[in-house]
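Here's the letter readout for the chains.
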Amino acid sequence: MAEKLGVYIHIPFCKAKCDYCDFYSRPCREESMDDYLKALLEHIKETAPMARGWQVDTIYIGGGTPSVFGASRLAKLLSAVRRRFEVTRDAEITCEANPESADRKFLTAIRRAGVNRLSLGMQSACDGELAAVHRLHTFSQAAEAVAMARKARIKNLSLDLIYGLPGQDMASWQKSVEAAIALKPEHLSCYGLKVEPGTPLDGRVTRGEVLPDDDQQADMYLWMVERLAKAGFAQYEISNFARPGFQSRHNLKYWMGKSYVGFGPAAHSDFGGRRYSFIRDLDQYINGILHGGTVIDQSELIPRRERGSEYLMLRLRTVQGIEEWEYRREFSLNFDPLEQKLEEYERQGWAARRDRRWYLTPKGFLVSNQLISDLLTIQEASTLENILPRLREAGRLPRRT
C-alpha cells in the first residue's frame with residue numbers, strides 16, 4: 001500500500017495585515033501574483049518526482065489570505081498538483097479564506113476546481129473586537145460568506161475564533177461561540193490570542209494596552225470546551241473541535257508526525273526523514289525558483305531520539321495522547337520515568353488514561369507547554385542513562401574511578 005503524503009501551499013498575500021499576525025505575508029503585492037504562480041508551478045514540477053510511490057491524500061492552501069490570490073490561480077495550482085502527484089480520489093482539499101474576499105463566484109469556482117473544505121477566518125461575532133485588531137470584515141460579512149459557501153455546495157466548513165482579543169470579556173466570547181454554533185459549521189478552530197514579538201499588537205501592549213489575562217483566557221477556554229461538547233463538537237486537539245467525521249485530516253498529519261511537503265516562502269516540510277523550510281522572502285523565493293538560487297532556509301535530518309521528542313510534543317496536543325508500547329516500540333525508549341510524571345499530572349487533574357494510553361485533560365491543555373517541557377526533560381535524562389553505559393562499554397567514555 002502506498003504511503004500517504006500531505007501537500008501545503010502557502011499564499012503570502014493579503015489585503016492588510018492584522019495586528020496580531022506573525023505569519024509570513026505581504027500586503028498589497030498584487031503585481032507579484034502572476035510571477036509567484038509561475039514559481040509555485042515550477043516548484044511543484046521539480047518536487048513531484050521525489051514523491052513517486054506516495055499518494056497525496058490532503059492538500060491545504062493557507063496564507064496569508066488565499067482568497068485574494070484569485071480562483072483562477074488557485075485552480076491552476078490544484079490542477080498542477082493533480083497532474084504531477086498521485087492524488088487520491090477522496091483527498092481532503094482545504095482552502096483558507098477571509099469573509100471580505102470570499103464571494104459566491106469565488107467559492108463556486110474553487111469548489112469546481114476541487115476544494116472540498118473551506119476554512120473561514122470569522123475570529124469574532126463582535127464588530128468592535130474585529131476592528132480592534134484591524135480585521136477587514138464584520139460579523140455580518142462572515143455570516144454572509146457562510147451562506148454563500150453553502151450555496152456553492154461546500155459541505156465541509158471550518159470557522160476560526162480567537163479568545164483573549166482586546167476588549168473581549170466572557171460575555172462577548174460566549175456571544176461569539178454561540179454565533180459560530182448557529183452558523184452550523186462542521187469544524188471549529190478556537191485559538192487563544194498570543195502576542196507575538198514584533199507585531200503591532202506587541203507594540204500596543206508594550207505601550208500599556210491591557211488584554212484579557214491568563215486566568216480570563218483559561219475561563220473562556222474551559223467554558224468553550226464544555227459548550228462545544230454539548231453542541232456536538234468533539235475536541236480532538238488543544239484548539240480544534242469537529243462534528244463526527246470532520247476532523248482536519250491535513251492538520252492531523254502535523255500532530256501525528258506524518259509526512260508532508262510545503263511550497264512557498266516560509267513553508268515547512270517533513271519528508272524522507274528530513275525537515276526543511278523555505279526562506280521568508282517572496283522575491284527571493286520567486287527568483288530562486290525561476291532563475292536558479294537558494295530557496296532553502298533550514299534543513300536537517302531528524303534522528304530517532306528527536307522523533308521521540310516530537311511524539312511527546314505533538315501527540316500530547318491531541319486527545320489521542322501517547323501510548324506506552326507505541327512509544328517503546330517506535331523509539332526504543334523507557335516509558336517508566338514518563339509514566340511516573342504522568343501519574344503526578346493525573347493527581348493534579350491535568351492528565352488521564354485509558355488502558356495504557358495517556359492524554360491531557362482540558363485543564364492540562366491550558367498548561368500543556370510546561371507539562372510537555374517537563375516530560376521532555378525527563379525523557380532526555382532517561383535517554384542519557386541508557387546511552388552512557390553503552391558508550392563506556394565501547395570505550396568511548398572513561399569509566400568512573
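Residues numbered from 1 in each chain as written. Predicted model: local features only at pLDDT ≥ 70, side-chain atom pairs only at ≥ 80, totals over all residues. Heavy atoms only, no water.

## Digging into the overall build of the protein chain
- Scanning the protein chain for helices and strands turns up 15 helices and 17 strands.
- If you line up the protein chain on its principal axes, its C-alpha atoms span 75 × 55 × 45 Å.
- Across the 401 residues of the protein chain, 52% fall into the buried class.
- Restricting to contacts in the protein chain with at least 6 residues of sequence separation, those with at least 24 account for 69%.
- Per element, the accessible surface of the protein chain, about 19100 Å² overall, is 49% carbon and sulfur. (Helix = DSSP H or I, 4+ residues; strand = E, 2+ residues; numbered from the N terminus. Buried < 20%, exposed > 50% of the residue type's maximum accessible area, 1.4 Å probe, protein only. Contact = heavy atoms within 4.5 Å. Areas by Shrake-Rupley, 256 points an atom, 1.4 Å probe, with all protein chains shown as cover.)

## Some words on helix α2 (residues 71-84)
- The terminal C-alpha atoms of α2, which comprises 14 residues, lie 20 Å apart, in line with the 20 Å expected from a rise of 1.5 Å per residue.
- Within α2, burial applies to A71, L74, L77, L78, A80 and V81.
- Buried residues in α2 make contact with β1 (3-11), α1 (33-47), β4 (54-63), β5 (86-97) and α3 (104-113). (Expected span 1.5 Å × (residues − 1).)

## Some thoughts on the nonpolar core
- Among the nonpolar cores identified, the biggest contains 100 residues, and I11 and L107 are the most heavily contacted of them.
- The residues contacting I11, other than those within four sequence positions of it, are Y36, L40, I61, G62, G63, G64, T65, P66, F69, L74 and L77.
- By size, the runner-up hydrophobic cluster in this structure holds 9 residues, among which are C18, V133, L165 and L211. (Core = buried A, V, L, I, M, F, W, Y, C linked by side-chain atoms within 4.5 Å.)

## Some thoughts on the environment of S332
- Looking at where S332 falls in the secondary structure, it is placed in the loop between α12 (324-331) and α13 (336-348).
- Considered as a pair, S332 and R304 are 28 residues apart in the sequence and their alpha carbons are 9.2 Å apart.
- If near-sequence neighbours (up to four positions away) are discounted, S332 is found in contact with R304 and Y327.

## Some remarks on the sheet that holds strand β15 (residues 322-323)
- Read from one edge to the other, the open sheet built from 3 strands follows the order β15-β17-β16, with strand pairing classed as antiparallel. Two strands close off the open sheet at either side, each with one partner strand: β15 and β16 (351-354).
- In this sheet, strand β17 (residues 357-360) lies alongside β15 in antiparallel orientation, the contact comprising 2 bridges. The residue bridging I322 from the neighbouring strand is W358, located in β17.
- Sheet strands in contact with α13 are β15, β16 and β17, and its direction is about 115 degrees off that of β16. (Pairing = 2+ DSSP bridges. Axes fitted to C-alpha atoms, helices over the stretch in contact; angles between N-to-C directions.)

## Side note on the pairing of β16
- In this structure, β16 lies alongside β17, joined through 4 bridges in antiparallel fashion. Bridge pairing links R354 to R357 in β17.
- In sequence, β16 turns back onto β17 through a hairpin of 2 residues, with D355 there showing a positive phi of about 55 degrees.

## Re the side chain of Q379
- For Q379, the position within the fold is in helix α15 (residues 368-393).
- Q379 gets classed as buried once you look at its relative accessible area, which sits at 4%.
- Those residues in contact with Q379 that lie beyond four places of it in its chain are G308, S309, L312, Y327, L333 and L338.

## Focus on the pattern of salt bridges
- If you walk through the whole model with that rule in mind, you get 25 salt bridges.
- K230 is the partner of E226 in a salt bridge, and the nearest nitrogen-oxygen pair spans 3.6 Å. Here the residue E226 and the residue K230 both occupy positions in helix α8 (residues 214-230), the gap between them amounting to 4 residues, near one helical turn.
- Residue K230 is classed as exposed on the basis of its relative accessible area, which comes to 65%. (Salt bridge = Lys/Arg side-chain N within 4 Å of Asp/Glu carboxyl O.)

## Some points on the environment of A147
- Along the chain, A147 turns up in helix α5 (residues 139-151).
- For the pair formed by A147 and L183, sequence separation is 36 residues and the distance between their alpha carbons is 8.5 Å.

## Thoughts on the pairing of strand β6 (residues 117-123)
- Within β6, 7 of the 7 residues are buried, which leaves it mostly tucked inside the rest of the structure.
- Here β6 shows no split at all, with R117, S119, G121 and Q123 on one side and L118, L120 and M122 on the other all buried.
- Relative to β6, β5 runs parallel, the two sharing 4 bridges. Within the sheet, the bridge partner assigned to C95 lies in β6 and is L118.
- As defined by bridge partners, β6 adjoins strand β7 (residues 157-163) across 4 bridges and the pair is classed as parallel. Note that in β7 the partner of L118 across the bridge is L157.

## Focus: the environment of G232
- Relative to the assigned elements, G232 resides in the loop between α8 and β9 (234-237).
- Of the residues examined, G232 reaches a relative accessible area of 33% and is grouped as partly exposed.
- Each C-alpha atom of the pair G232 and E326 lies 30 Å from the other, and the pair is 94 residues apart in sequence.
- Excluding residues that lie within four positions of it along the chain, G232 makes contacts with A242, R243 and P244.

## So, the confidence of the model for the protein chain
- Averaged over all residues, the pLDDT of the protein chain is 92; the fraction at 70 or higher stands at 95%.
- Note that residues 387-401 has pLDDT below 50 and, in this model, 10 contacts with residues that lie over four places away or in other chains. (pLDDT = per-residue confidence, 0-100.)

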